[in-house]
Amino acid sequence: MAFDIGLALLVLGVGAWTVAARDTFAAVVGFVAYGLLLALLWVRLAAPDVALTEAALGSGLTGGLLVSASTRLRRAETRAVDERQPASLRLAAAVLCTLVSAGVAAIVLLLPEPAPTLAPQAMVNMAATGLGNPVTAVLMAYRAIDTLLETVVLLLALVGIWSLAPDRVWGGVPGPRHQAEPDGLLTFIAQLLVPVGILVGIHIFWVGSVAPGGEFQGATILAAMWILAMMAGLVDAPAVNRRWLRLMLVAGPAVFLTIGLTGFAVAGSFLAYPEPHAKLLILMIEIPVTLSIAATLALLVAGPPERAPGR
Amino acid sequence: MPSSATAGGFLLVLAIVLPVAGALLSLALGGRYAERIAFIVMPAGLAVSIAILVSVWRTHNALQYFVGNWYPPLGVAFRADGLSAAMMVTAALLICGIGLFAREQFFAQPGPEQRAPLVFWILLLAVWASLNAVFIGSDLFNLYVALELLTFAAVPLVSLDGRAETLAAALRYLLFALFGSILYLLGAVLLYGAYGTLDITLLSGRVRAEPIAWTAISVMTAGLLAKAALYPLHLWLPPAHAGAPAPASAILSGLVVKAPFFLVVRLWFDVMPRLPEHAAAQVLGTLGAMAIIFGSIVALRQERLKLLIAYSTVAQIGYLFLIFPLAVNPETSHSSSTVTWTGGILQAVSHAFAKAAMFMAAGLIAEALGHDRIAGLAGIGRALPITVFAFGLGGLSLMGLPPSGGFVAKAMLLTGAVAAGQWWWAVIILTGGLLAGGYIFLVLARTLADASEPLALLSSISLGRQTVVVALALCAVLLGFVPLRPLELLQIGRPDVAIGAVR
Amino acid sequence: MTEATLYGLCSAALVGVGLFGLIMHPQPLRKILAFNLIGGGVFLLFGAVARRGAAAGLGGDPVPQALVITGLVVAFAATALAVALLLRLFQETGRATLGSDG
């Protein structure tokens, strides 16, 4: 318990520091630490699946995105006059936020005992899905429609980011060209880490059906490896008009949708799985979805096209 | 209420799956296929929406579907009552009209793939899918995903032309929307923590009048108000809707901004049908009233036509929120049997058609003149008579003049206000109508004035596009033939009607 | 006090801290950061609710946990879109502010 209190206070402290830091880069570093501490909290809350996702996505990829953004915006920072808000506004905001926190805290204390829970129902129905991880069962079976729509949401965000490219580089390559330095440290680390990372990502995806893990966590690690390879110059980002890339991005949601529709024909409802084949069908969905999400996440970080396509 | 999926429930799945499949296919095939795919999906989706409406009307019951054969609280349900069906048909008609209108502007030329056409058609289909998901969703977290889908589809439409002002407007829109999403999630987790489910039907049975429920609903409502641009959270709307290309402005003002309002209605009338809500309802009504007055006054002072129309949207959204203090019948607690309920929904639908027509007309005028300054509109009435006529027809709805859906809607709201003894809303409604008349006539007078020198149009405006604009404006006029009493369609599947009324 | 309640209170505090950052910083990038802080707090509240629902041999209710995973993915996509818009705005105007923005 003491450990938990300490952890909670630490998270709060890091969060407060992230807000108070003057320099944006320092704030982003603080945010990465915040994310990692949150992942620890998730482990304490008996949610290892979420801990993995928070560490890889919430802290890792988001942190990477924000670091590169704050670096590119550095020139704007130094140009901006140090805008300190007047003390009266600070005080008013502090009072407001304290009230909000107190309100939420009060409601937390008013939550009913015994707590309503869907854990028994989730466990009882898991046998029909052939899965061993209840969180995966929720994501891929009970609430599969949410997961399907979520893959579409990801893809839409990517389309939105791509739409920001100027017309003359449309269909082109995201990000600047990173040159691989043959003796550079980053290249060395990437050459070591990327193959290992890919294996780890695949493994975490694979065990997700029976143990903590799954497609989102695995996909995040795969995406991180692709980003690392791009940044170290091992591979160049693909041009966004390439047909293979488009098919790879769309494959996940498309297969999900197709199997969902066949579920209507075979098992009586959209996204229903006929019982003997449930696990196989879920796996058939998860493989392309993992690849699609990995590609989408990596390209979300890469940003809009900046260099005209070769062809 | 049926506890099993109804026949025809699969139509609900199709309503979401068809546009999603179209968007995915467009992204994969790219280039010129996007437009063709959109023109296959549009009539199909329209047919599905009409089929849903017909099915709901014939069976006099809501359509229901349990995805994956998993029942709530573990699974996710779709449910289309009369209100959903009406909104879905409106969305389908609007999307088809906007598609026809936008065909010329976002026509993909042969050759390498172009950015704007591909992005526009994908996002249009995505907006449609997410609107349908909002209208039929019966699970609060599923509705959160639908709202995010809607936001990500709408935001890039604002910055489609890539200018700095639209980029800033899109970013501001996104930040407000994110703020709304976080509040919505906060409320949802409180509801789950207290009642163990996020299904609307189950929640309506479990929610009690206690602080946790009030806090959750208030927080979620506040988040949805930010997304719906209700005063004072309206700052993002005018630059965003004015900066987007005309067909995008049409869908943004017509329907995208109504989806969060729809969810507030679901929360207040479906999740909490019997909670004491009088004071909070008056707060919502007051914010609506301020939106009407403020939006109309600022619209009067605008120099640019598209900004004027955008501020008019801010005002017209205010009318929608008058439904909350007025549509609660204290004796029977039947909200949907009141005339105010029909009036509020009719306001949403007729405004959608009218505003879409007006934005598209403004787009044509801007294309012809090269600018949209109101002071420079002289002579355009003579040059583009059909377009200006359509603009005027849409304006009838905004002002609340017959014949138009807007007139009937506002008359119903007035009747409701007087019947409930809350006459102050009647004053607001009448004032809003007068102010709307002010800015509409301001524009029309300028367009009908003679130009000092002969007007040279930058480009010719095709008759096809002008016809589409008039057609949409006529839809708003046709709604004026709705009789001045509660509409039976909008009462189908309402839980409060099921409790008391005998059919 | 159970650990679930403790972390629930912690999440309430995190929401307040993040909200303060959202109000105080005019720069959009800091606002985006603040949104992620608040989001982390709200998701943590999901976690506390999940922990309270431990039953049937599980350490926590899997439904809120799954909802958080979905929410984390959506939040990342939102951050990516917002950052991309901001960077593009900076490219076009040389400024990374929204001017008179709330």
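All values derive from a computational prediction rather than experimental measurement.

Peer 1: Requested: an account of the overall build of chain C, with residues and values cited.
Peer 2: Looking only at helices and strands, chain C has 3 helices and 0 strands in total. Along the chain direction, N to C, the helices and strands of chain C fall in the order α-α-α. A buried classification covers 75% of the 102 residues belonging to chain C. The contacts of chain C with a sequence gap of at least 6 include a subset with a gap of at least 24, amounting to 54%.

Peer 1: Quick one: what's the story with the pairing of strand β1 (residues 63-66) of chain B, residue by residue and with numbers?
Peer 2: All names here are of chain B. On β1, burial covers both faces: Leu63 and Tyr65 on one face and Gln64 and Phe66 on the other are all buried. Bridge count for β1 against strand β2 (residues 77-80) is 4 bridges, and the pairing is antiparallel. The partner of Phe66 across the bridge, within β2, is Ala77.

Peer 1: Requested: an account of the domain arrangement of chain B, with residues and values cited.
Peer 2: Frequently, the measure chosen for interface size is the accessible area that the parts lose on association. Residues and elements named next belong to chain B. The assigned domain composition of chain B is domain 1 (1-137), domain 2 (139-274) and domain 3 (277-503). A C-alpha centroid distance of 21 Å is found between domain 2 and domain 3. On the domain 3 side, the residues contacting the 26 residues of domain 2 number 30 residues. Among the elements of the structure, α9 (237-243), α10 (246-256) and α11 (258-271) are those that each provide at least two residues to the side of domain 2 that touches domain 3. Of all the elements, α10 adds the most residues to the side of domain 2 that touches domain 3, at 7 residues.

Peer 1: Can you tell me about the confidence of the model for chain C, naming the residues and giving the values?
Peer 2: Of all residues in chain C, 96% attain a pLDDT of 70 or more, and the chain-wide mean is 90. Here the prediction assigns the complex a pTM of 0.95, and the interface score ipTM is 0.95.

Peer 1: How would you sum up the interface of chain C and chain B? Please name residues and give values.
Peer 2: Tallying the contact residues gives 27 residues for chain C and 22 residues for chain B. Taken together, the elements giving at least two residues each to the side of chain C that touches chain B come down to α2 (28-52) and α3 (62-93) of chain C. If you tally residues by element for the side of chain C that touches chain B, the top one is α3 of chain C, at 15 residues. For the side of chain C that touches chain B, the per-class residue count stands at 18 nonpolar, 5 polar and 4 charged.

Peer 1: Please set out the interface of chain C and chain A residue by residue, giving values where relevant.
Peer 2: Listed per partner, the contact involves 66 residues of chain C and 76 residues of chain A. Looking at the side of chain C that touches chain A, the elements with two or more residues in it are α1 (3-24), α2 and α3 of chain C. Among the elements that line the side of chain C that touches chain A, the one with the most residues is α3 of chain C, at 22 residues.

Peer 1: Quick rundown of unusual backbone geometry? Include the residues and the values.
Peer 2: Residues Glu113 of chain A and Pro114 of chain A are joined by a peptide bond in cis, for which omega reads -5 degrees. Within the fold, Pro114 of chain A resides in the loop between α5 (87-109) and α6 (119-129). Look at the link from Pro402 of chain B to Pro403 of chain B: it is a cis peptide, with omega at -15 degrees. Phi is positive for Ala46 of chain A, close to 60 degrees, though the residue is something other than glycine. Looking at where Ala46 of chain A falls in the secondary structure, it is placed in the loop between α2 (24-44) and α3 (48-72).

Peer 1: Outline helix α7 (residues 134-142) of chain A, listing residues and values.
Peer 2: In terms of burial, α7 of chain A is largely enclosed, as 9 of its 9 residues are buried. For α7 of chain A, the set of buried residues is Pro134, Val135, Thr136, Ala137, Val138, Leu139, Met140, Ala141 and Tyr142 of chain A. In this fold, the buried residues of α7 of chain A make contact with α3, α6, α8 (144-162) and α12 (278-302) of chain A together with α3 of chain C.

Peer 1: Give me the environment of Gly8 of chain C: which residues, what numbers.
Peer 2: Looking at where Gly8 of chain C falls in the secondary structure, it is placed in helix α1. Take Gly8 of chain C: there are 26 C-beta atoms within 10 Å of it, and that puts it in the buried class. With 89 residues separating them in the primary sequence, Gly8 of chain C and Thr97 of chain C have C-alpha atoms 34 Å apart. Excluding its chain neighbours within four sequence positions, the residues that come into contact with Gly8 of chain C are Val108 of chain A together with Leu45 and Ala48 of chain C.

Peer 1: Describe the environment of Ala27 of chain A, naming the residues involved and giving the relevant values.
Peer 2: Note on placement: Ala27 of chain A falls in helix α2. Beyond its immediate stretch of four places on either side in the chain, Ala27 of chain A contacts Thr18 and Ala21 of chain A together with Arg30 and Leu33 of chain C.

Peer 1: Summarise the packing of helix α3 (residues 82-105) of chain B against helix α15 (residues 339-369) of chain B; cite the residues concerned and give the values.
Peer 2: Residue and element names in this part refer to chain B. Contact pair α3 / α15: the axes reach a minimum separation of 10 Å and the direction vectors enclose 5 degrees. Judged by the inter-axis angle, α3 sits roughly parallel to α15. Contacts from Leu83, Ala86, Thr90, Leu94, Gly97, Ile98 and Phe101 in α3 reach Ile345, Val349, Ala352, Phe353, Ala356 and Met360 in α15.

Peer 1: Got a sec to walk through the environment of Ala62 of chain B? Specific residues and values, please.
Peer 2: Residue and element names in this part refer to chain B. Inspection of the secondary structure assignment puts Ala62 in the loop between α2 (33-59) and β1. Judged by the 27 C-beta atoms lying within 10 Å of it, Ala62 is buried. The sequence separation of Ala62 and Ile52 amounts to 10 residues, and the corresponding C-alpha distance is 9.6 Å. Other than its neighbours up to four places away in sequence, Ala62 contacts Val56, Arg79, Ala80, Asp81, Ile492 and Gly493.

Here is what the cut-offs are and how they apply
- Residues numbered from 1 in each chain as written.
- Chains lettered and ligands numbered in written order.
- Predicted model: local features only at pLDDT ≥ 70, side-chain atom pairs only at ≥ 80, totals over all residues.
- Helix = DSSP H or I, 4+ residues; strand = E, 2+ residues; numbered from the N terminus.
- Buried ≥ 20, exposed ≤ 12 C-beta atoms within 10 Å, placed from the backbone.
- Contact = placed C-beta atoms within 7 Å.
- Pairing = 2+ DSSP bridges.
- Domains from an automatic or database assignment.
- pLDDT = per-residue confidence, 0-100.
- Nonpolar A, V, L, I, M, F, W, Y, C, P; charged D, E, K, R; others polar.
- Axes fitted to C-alpha atoms, helices over the stretch in contact; angles between N-to-C directions.
- Parallel < 35°, antiparallel > 145°, perpendicular 65-115°, else oblique.

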